[in-house]
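# Understanding the architecture of this molecule
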Amino acid sequence: MKRLLLAALGLMIFKPVMAQDSTETKNPLTISGYAEAYYNYDFNRPVSNTAPGFIYNFNRVGEVNLNLGFIKANYTTDRVRGNLALATGTYMNANYAAEPGVLKNVFEVNVGVKISKNDNLWIDAGIMPSHIGFESAIGKDNWAMTRSLVAENTPYFESGVKLGFTTKDEKLYVSAMYLNGWQRIQRVDGNTTPAFGTQVTYKPATTITLNYSTFIGNDKPDSLRLMRYYHNFYGVFQVSEKFGVTAGFDYGTEQKAKGSSDYNNWFVPVLIARYSPSARVNMAARGEYFQDKNGVIISTGTTNGFQTFGLSVNVDYAIFPGVLWRVEARNLNSKNRIFLERTSAGTSEQTFRKDNLFLTTSLSIAF
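Residues numbered from 1 in each chain as written. Predicted model: local features only at pLDDT ≥ 70, side-chain atom pairs only at ≥ 80, totals over all residues. Heavy atoms only, no water.

Here we come to empty space enclosed by the protein. Taken as a whole and assessed by the stated rule, the structure comprises two cavities of 30 Å³ or more. Taken as a whole, the largest cavity encloses approximately 110 Å³ of empty space. By volume, the second largest cavity is sized at about 80 Å³. What lines the second largest cavity is simply Asn40, Ala51, Ile55, Asn57, Phe58, Thr146, Arg147, Glu152, Glu328, Arg330, Phe358 and Thr360. Counting only elements with at least two residues in the lining of the second largest cavity, the list comes to strand E15 (323-334) and strand E18 (355-366). Here the lining of the second largest cavity is composed, by residue class, of four nonpolar, four polar and four charged. (1 Å grid on protein atoms, 1.4 Å probe; cavity = no way out; pocket = protein on both sides within 12 Å on 5 of 7 lines; lining within 4 Å. Points joined across faces, edges and corners; volume = space filled by probe spheres on them. Helix = DSSP H or I, 4+ residues; strand = E, 2+ residues; numbered from the N terminus. Nonpolar A, V, L, I, M, F, W, Y, C, P; charged D, E, K, R; others polar.)

Take the packing of aromatic side chains next. Enumeration over the complete set of coordinates arrives at 20 aromatic pairs. An aromatic cluster of at least three residues, connected via ring pairs, comprises Phe54, Phe290, Phe306 and Phe339. The ring of Trp122 has Arg81 sitting right over it, with the charged end atom 3.9 Å from the ring centre. Across from the ring centre of Trp182, 4.8 Å away, lies the NZ or CZ of Arg228, which sits over that ring. (Phe/Tyr/Trp six-rings, centres within 6.5 Å; stacked < 30°, edge-to-face > 60°. Lys NZ or Arg CZ within 6 Å of the ring centre and 35° of its normal.)

Moving on, we get to the pairing of strand E4 (residues 106-114). Strand direction decides the pairing type here: strand E3 (residues 80-88) and E4, joined by seven bridges, are antiparallel. Bridging from a neighbouring strand, Gly82 pairs with Val111 of E4. Of the pairings in the sheet, the one linking E4 to strand E5 (residues 120-129) comprises six bridges and is antiparallel in character. Counted as the bridge partner of Lys114 is Trp122 from E5. As consecutive antiparallel partners, E4 and E5 are separated by five residues. (Pairing = 2+ DSSP bridges.)

So, on to the environment of Ser348. Relative to the helices and strands, Ser348 is located in the loop between strand E16 (339-342) and strand E17 (350-353). Distance from Ser348 to Phe196, taken between C-alpha atoms, is 45 Å for residues 152 residues apart in sequence.

With that out of the way, let us pick up the side chain of Lys114. Structurally, the position occupied by Lys114 is in strand E4. No salt bridge is formed by the buried Lys114; the nearest opposite charge belongs to Asp78, separated by 7.2 Å. Setting aside chain neighbours within four positions, we find Lys114 in contact with Asp78, Arg79, Asp119, Asn120, Leu121 and Trp122. (Buried < 20%, exposed > 50% of the residue type's maximum accessible area, 1.4 Å probe, protein only. Lys, Arg positive; Asp, Glu negative; His and termini not counted. Salt bridge = Lys/Arg side-chain N within 4 Å of Asp/Glu carboxyl O. Contact = heavy atoms within 4.5 Å.)

Right, let's get into the pattern of salt bridges. Tallying each qualifying case throughout the model produces 14 salt bridges. Note that Arg286 is salt-bridged to Glu135, the shortest N-O span being 4.0 Å. Of this pair, Arg286 sits in strand E13 (residues 281-292) while Glu135 sits in the loop between E5 and helix H3 (149-152), placing them 151 residues apart in sequence.

Unusually for a residue other than glycine, Phe58 sits at a positive phi of about 55°. With respect to the helices and strands, Phe58 occurs in the loop between strand E1 (29-42) and strand E2 (64-76). Non-glycine residue Glu170 carries a positive phi angle of around 60°. In this fold, Glu170 is placed in the loop between strand E6 (157-166) and strand E7 (172-179). Take Glu170: its relative accessible area is 58%, and that puts it in the exposed class.

What follows covers the pairing of E6. Where a strand is regular, its side chains alternate between the two sheet faces. Along E6, seven of the 10 residues are buried, which leaves the element largely enclosed by surrounding structure. Pairing between E5 and E6: 10 bridges, direction antiparallel. Paired with Ala125 across the two strands is Val161, which belongs to E6. Relative to E7, E6 is paired through seven bridges, and the arrangement is antiparallel. What sits directly across from Lys162, in E7, is Met177. Counting the residues between successive antiparallel strands, the hairpin from E6 to E7 contains five residues, one of them, Glu170, with a positive phi of roughly 60°.

See below:
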């Protein structure tokens, strides 16, 4: 009888725990969050305490600030999925400046339905991460601490409808999108032109990812319509357990005038190498070049437009699981004098120079 009572007591204690575990493993709803604080020192010491206008991450200089913080709810079942993430930070202020009201704080809101019982074919609609580029707004997911010039000047997010298909072996992903514009939640007033995007991602091996993405559309009112065609190529190669390389090349064209057959063009190569001496430490170096002579994406008002080289080196240390400390030195060098520099301490006088050096550190937590 004593053994029977003990067994019954044990069952009463452990059954709720087992039931809770079973519920947790099947619970379709998960809550996560991310926050990244930073300090960015600009050796040019601009009077405005703001980095150059084509930099959107870590863009406040000489002060401690929050780059990005968000809370996210994800719901996933076999046939339905959805995401809701609300965010704040200097990244949101810079990237969502054109959006009205509460949309300025919407990091991600989308719903998806699997439309095939046997194949991995989904339709997703709403505000989604961009299909262009290998860098994310979430810092911990990127090899380099700051974002490349091409990442900063292509969409981080997009709004529209996406049809996506993944093969059963998960080696090939193909998608097509109907979009509201080039990094737009709301379409520009007076614009009735839809934009379109495509993406093809191929993983021939677990150590190799190849991607080709496109964008076609007009991001201006119909009265000023200029068609833009954009191509994004990149490859991620994990050469060994400790060493990896990411190489990318972007090329874009846009009409010089409405209805014109003449186009302005720009291109951007980028190369990142990462070395991981241990599970907690990563080191990366990046080289990049952005040529936009006609100022389609980055307008400078100078003779040669925007022609800028960039070099950066960063070291990352995982203090605890989910907690990452990063330090990066970055230098940008342009063909023309486009970077503002304070001429002397305690004054508001500024001049222009050809280069800009930054030293940035950040601390992030993900849960």
